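# Structural characterization, general
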Amino acid sequence: MAFYQDPPALEDPYESDRVLRAYIRRVFSQSEREVLEPALASLSRVVLDELDPLQRADRLYEPTLTAWDPWGHRVDHIEVTALWKRAKVLAAEHGLVATGYERAYGALSRAAQFALVYLFAPSSDVYTCPLAMTDGAARTLRSHKHATLDAHAVSRLISRDPTLAWTSGQWMTERTGGSDVGRSETVARRDPSGAWSLSGTKWFTSATTSEMALTLARPEGNPEGSKGLALFYVETRDGQGLLRNISINRLKDKLGTRKVPTAELSLQDTPATLVSSTTDGVRAITPMLNVTRTWNAVCSIAFMRRSLSMARDYARKRVAFGERLADKPLHVETLADMQSEFEAAFSLTFRVCELLGLDDDGALDGHGEQLLRLLTPLAKLSTGKQAVALTSEAMECFGGAGYVEDTGLPVLLRDAQVLPIWEGTTNVLSLDVLRALARSEAHEALREEFARCVRNCRETALETHALDAQRACERALAWLARNGGELRVIEAHGRKLAMTLARSLSLALLCSHASWSLTVEGDLRPSLAAARYAQRGIDWMREGSALDDASRLAMDLS
Ligand code: MFK
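Quick summary incoming for the structure in this document. (Residues numbered from 1 in each chain as written. Predicted model: local features only at pLDDT ≥ 70, side-chain atom pairs only at ≥ 80, totals over all residues. Heavy atoms only, no water.)

## Some remarks on the overall build of the chain
- Broken down by element type, the chain carries 18 helices and 11 strands.
- Relative to the compact-globule value of 24 Å for 558 residues, the chain shows a C-alpha radius of gyration of 24 Å, a close match.
- Referenced to the eigenvectors of the C-alpha coordinate spread, the extents of the chain come out at roughly 70 × 70 × 65 Å.
- Out of the 558 residues in the chain, the part that is buried amounts to 55%.
- Put simply, the chain has 66 plus and 72 minus side-chain charges, and the middle of one group is 1 Å from the middle of the other. (Helix = DSSP H or I, 4+ residues; strand = E, 2+ residues; numbered from the N terminus. Rg over C-alpha atoms; globule rule 2.2 N^0.38 Å. Buried < 20%, exposed > 50% of the residue type's maximum accessible area, 1.4 Å probe, protein only. Lys, Arg positive; Asp, Glu negative; His and termini not counted. Charge placed at Lys NZ, Arg CZ, Asp CG, Glu CD.)

Below, the structure is given as structure tokens:
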């Protein structure tokens, strides 16, 4: 009989996730777990029984833009995929945004929320994009204490009722760029009645189908640069469901995230509401940036976990050269390396979620706030890179089958590739890390975090790794202090510095968790992950490369 390979199957994402389940047991109280664990199990069943099959059935469909109706009216209608329509309902019902705001788990509400997001993300066809911005918009509007918008919009953004729930866009990027947002060209005009309207082009709007958006524009007469921008709220449609002076020019033809209807928009006297002051719009939108960057990190670890789960299942089934892949030393070595990267990334990401929850509760002191400010870009930039590397490696674990679209595997890599790009590229976030490190409290807060992790290690090997991590961080901070005045040198080393801090802290946090796993639950696996991650290298700082040499090499100058 001819040979047919058993395909990899999706395991129950929650039941099979040792890392998430142990984290929940360590961090949440018994009474909290009695509510949270059934919520996670229930969402996990939805992923397994409904979203995953729908994602496969929907594979070839993409959003479409219809600019005109048959009678010549400009309609600019975007039809999203069947999965996206269902995801909107499920996301509201399962509280993927709401859980962060209902505070049922107190300061751990963000950790609970992001545990749900983490299960949902890989089967959502990146519906996490509008959800991230919805969460970011809710937090931004709350932080500006805008009573009218709070009552009108935030209540909908955080609703569990799918008939009421809204999503939000974040329209920042213009043709001038997605990084240097201060160059935005959109103009804000105020009429004699005091009403604002916006005119300009938004170049990368990923949630055009949302009911509202937060966006930046320059009030007429304001100076150039980011300080001259202001933050505005736009409601996309009027009472008849028509776009409010917004034209959709086209949908982007992207490498991945192809289910996300990313559009180029023109605003022509689009009515808008000023959210805070008429200046400092970039600073005003930063709560949004920090929340979406947290979502980005959570999506990164979710993609890592899904890739690993599929690769592991396949390794049990696939036989080559007389043995299962699961018994082949080199294949096993590869999977173990991937698992160690994932567990370290998980530790850093959920630490950010915990800090965000404490911040929502107003429970962070000055050091805690600086720690959150620093760890958010660190987690985003390091996990984005890990997600691409790991989804690529996972694809290779299937050989040629992993490269074939209808296995459902290539989409993981394509969609992961956006994670280091949007919401701030790796380099832009490395510069953000330097911005956060400009405050000495950030250094102290980081040192306290390492010290806490070292103290938690009750086992010598783990303590040794945590101390190594602490020393790598100290070397990086000492280098920064030594080169304090050399701004271009510091910038050139920004990524290596950020990666060193991210990887060393990930290791320290993983050691701390591993110690708990070992002593409380007798589980050695997190310790093995920590030891392997330490071996893979945490210190990326290499001093001494001259800027002139880099420039000659990079630009191929003689
Ligand atoms: C799966 C989940 C997916 C999520 C989906 C999202 C899809 C959306 C697609 C996109 O739109 S992607 C494009 C997203 N673009 C970005 O994320 C922007 C990237 N660029 C930056 O982050 C730049 O660093 C930044 C625009 C913020 C630089 O702005 P400036 O004004 O040139 O720099 P400046 O003067 O340092 O910062 C202005 C103020 O903001 C300063 O405060 P002060 O006015 O008090 O001095 C900064 O300290 C503050 N600030 C900047 N970044 C901050 C921050 N504060 C807190 N947190 C931060 N991260």
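From this point, the discussion proceeds with the structure in view.
## Overview of the pairing of strand E1 (residues 64-68)
- Direction of pairing for E1 relative to strand E2 (residues 74-79): antiparallel, over a ladder of 4 bridges. Considered in E2, the bridge of Thr64 is made with Glu79.
- Here E1 hands over to E2 after 5 residues, with Gly72 in that stretch at a positive phi of 90°. (Pairing = 2+ DSSP bridges.)

## Considering the site of the ligand
- In the vicinity of the ligand, 26 residues are found, and the nearest of them are Ser226, Arg283, Arg293, Glu423 and Arg435.
- Ser179 has a polar backbone atom sitting 3.0 Å from a nitrogen atom of the ligand.
- The contact in question runs from a nitrogen atom of the ligand to an N or O atom on the side chain of Asp432, over 3.4 Å.
- Relative to its unbound accessible area of 1200 Å², the ligand is 80% covered by the protein chains.
- Going through the elements one at a time, helix H6 (128-143), helix H8 (281-317) and helix H12 (426-437) are the ones with two or more residues in the shell around the ligand.
- Considering every element that reaches the shell around the ligand, the biggest residue donor is H8, with 7 residues.
- A breakdown of the residues in the shell around the ligand according to their chemical character gives 10 nonpolar, 9 polar and 7 charged. (Near = heavy atom within 4 Å. Polar contact = N/O pair within 3.5 Å; in protein donor to acceptor, adjacent residues only side chain to side chain. Areas by Shrake-Rupley, 256 points an atom, 1.4 Å probe, with all protein chains shown as cover. Nonpolar A, V, L, I, M, F, W, Y, C, P; charged D, E, K, R; others polar.)

## Notes on the packing of helix H1 (residues 18-27) against helix H16 (residues 494-521)
- The interhelical angle for the contact between H1 and H16, taken along N-to-C directions, is 80°, at an axis separation of 11 Å. With respect to their mutual orientation, H1 and H16 come out roughly perpendicular. Residue-level inspection shows Ala22, Tyr23, Arg25 and Arg26 of H1 in contact with H16, the latter providing His513, Trp516 and Glu521.
- Grouping the constituent residues of the contact of H1 with H16 by class yields 3 nonpolar, 1 polar and 3 charged. (Axes fitted to C-alpha atoms, helices over the stretch in contact; angles between N-to-C directions. Parallel < 35°, antiparallel > 145°, perpendicular 65-115°, else oblique. Contact = heavy atoms within 4.5 Å.)

## Observations concerning the environment of Leu467
- Checked against the element boundaries, Leu467 lands in helix H14 (residues 460-482).
- Sequence separation between Leu467 and Leu289 is 178 residues, and the spatial gap between their C-alpha atoms is 32 Å.

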